Amino acid sequence: DALPQEETAPGFDCAYEMQAATRKAAMVELTLSAPCRINEGFTLHHNGMMFSAVTDASGQAVIEVPALAENAVFIASFPDGNGALATANVDTLGLYDRFVVQWSGSADSLGLHALEYGADFGEAGHVWATAGQDKDRGIAGEGGFLTRLGLPEADRAQMAEIYTFPTANARRGGEVTLRVEAEVSAANCGRDLEAQTIATAPGGLKVQDLVLAMPDCASVGEFLVLKNLFNDLKIARN
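None of these values were measured; they are calculated from a predicted model. (Residues numbered from 1 in each chain as written. Predicted model: local features only at pLDDT ≥ 70, side-chain atom pairs only at ≥ 80, totals over all residues. Heavy atoms only, no water.)

Caption draft 1: Quick look at the sheet that holds strand β11 (residues 145-149). Ordered by their spatial adjacency, five strands build an open sheet running β11-β12-β8-β14-β15, and the pairing between neighbours is antiparallel. Of all the strands in the sheet, the pair left with one neighbour each is β11 and β15 (204-213). Mean inter-strand twist for the sheet, computed between neighbouring axes without regard to direction, equals 15°. Of the strand pairs in this sheet, strand β8 (residues 97-105) and strand β12 (residues 157-165) are connected by nine bridges, and their pairing is antiparallel. Its bridge partner lying in β12, V101 is registered against E161. (Pairing = 2+ DSSP bridges. Helix = DSSP H or I, 4+ residues; strand = E, 2+ residues; numbered from the N terminus. Axes fitted to C-alpha atoms, helices over the stretch in contact; angles between N-to-C directions.)

Caption draft 2: The arrangement of the packing of aromatic side chains in detail. Within this structure, the stated rule accounts for six aromatic pairs. Ring geometry for F42 and F78: centres 5.4 Å apart, planes at 50°, overall tilted. Of this pair, F42 sits in strand β3 (residues 41-46) while F78 is found in the loop between β6 (71-77) and β7 (83-89), placing the two residues 36 residues apart along the sequence. Taking the relative accessible area as the measure of exposure, F78 reaches 2% and is therefore buried. Ring geometry for Y163 versus F165: centroids 6.5 Å apart, planes at 35°, classification tilted. Members of the aromatic cluster, each reached through a chain of ring pairs, are F99, Y117, Y163, F165 and F230. The ring of F78 carries R37 above its face, with NZ or CZ at 4.9 Å from the centroid. Seen from the ring of Y117, R172 lies directly overhead, with NZ or CZ sitting 3.9 Å from the centre. (Phe/Tyr/Trp six-rings, centres within 6.5 Å; stacked < 30°, edge-to-face > 60°. Buried < 20%, exposed > 50% of the residue type's maximum accessible area, 1.4 Å probe, protein only. Lys NZ or Arg CZ within 6 Å of the ring centre and 35° of its normal.)

Caption draft 3: Just the nonpolar core, in detail. Grouped together as the largest cluster of nonpolar side chains are 34 residues, with contacts concentrated most on M18, F42 and F74. Taken together, the elements giving at least two residues each to this core come down to β2 (27-33), β3, β4 (49-54), β5 (60-66), β6, β7, β11 and β12. Of all the elements, β2 adds the most residues to this core, at four residues. Ignoring anything within four residues of it in the chain, the contact list for M18 reads L30, T31, L32, L44, F74, I75, A76, A84, L85 and A86. (Core = buried A, V, L, I, M, F, W, Y, C linked by side-chain atoms within 4.5 Å. Contact = heavy atoms within 4.5 Å.)

Caption draft 4: Representation of unusual backbone geometry. Even without a glycine there, the phi angle at A25 is positive, about 65°. As for its placement among the helices and strands, A25 is situated in the loop between β1 (17-23) and β2. Accessibility expressed as a relative area gives 4% for A25, which makes it buried. Unusually for a residue other than glycine, N228 sits at a positive phi of about 65°. Within the secondary structure, N228 sits in the loop between β16 (223-226) and β17 (233-235).

Pasting the structure below:
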């Protein structure tokens, strides 16, 4: 009798792949495929910026990221060291200025605030996470927009907020003032809060490490406003 034929089980593809596609406003859309990493967290790295992300039920993730370099390299890294890399040539980056604040811990510990053309907190022209604006505003040269990346629900989230301003295409001249606001919470009161700022600059990125000694826990709910972490942006009318 003929021996029974062994059937090969359908191959389970564990390959990690990431594609990068340039988008308007010097943004890059990343598409990660990791079929055996379902609903699993990973860290996305790009030129010193890093933030938490997660795959979906099919092991995919699609994220739009503000580029910080014309020759942009992106790395998705899982906790065991596996991951994927993608690159993109972002030739419109020179039209924009970008400012990043990133931190690890409570998602609401820090917030980046841009005050455009003399606006005060809460006024039109105050761009922050709650009023982040749309990148179309930047493309049109009308003002900046804010991108918030990370997983707010994670216990030790790696968060990043990025403000983009269309300096080369701005429709009006003036100044943009940048502030970082730190909220005193039960998670960070009486402790040091570590953070980092990154800003695009001629010749490369300007990186600054921060250690904030947060007030004691009687101050929970209060805010510290940090000035002079970034140089004010002076815009000539184009």
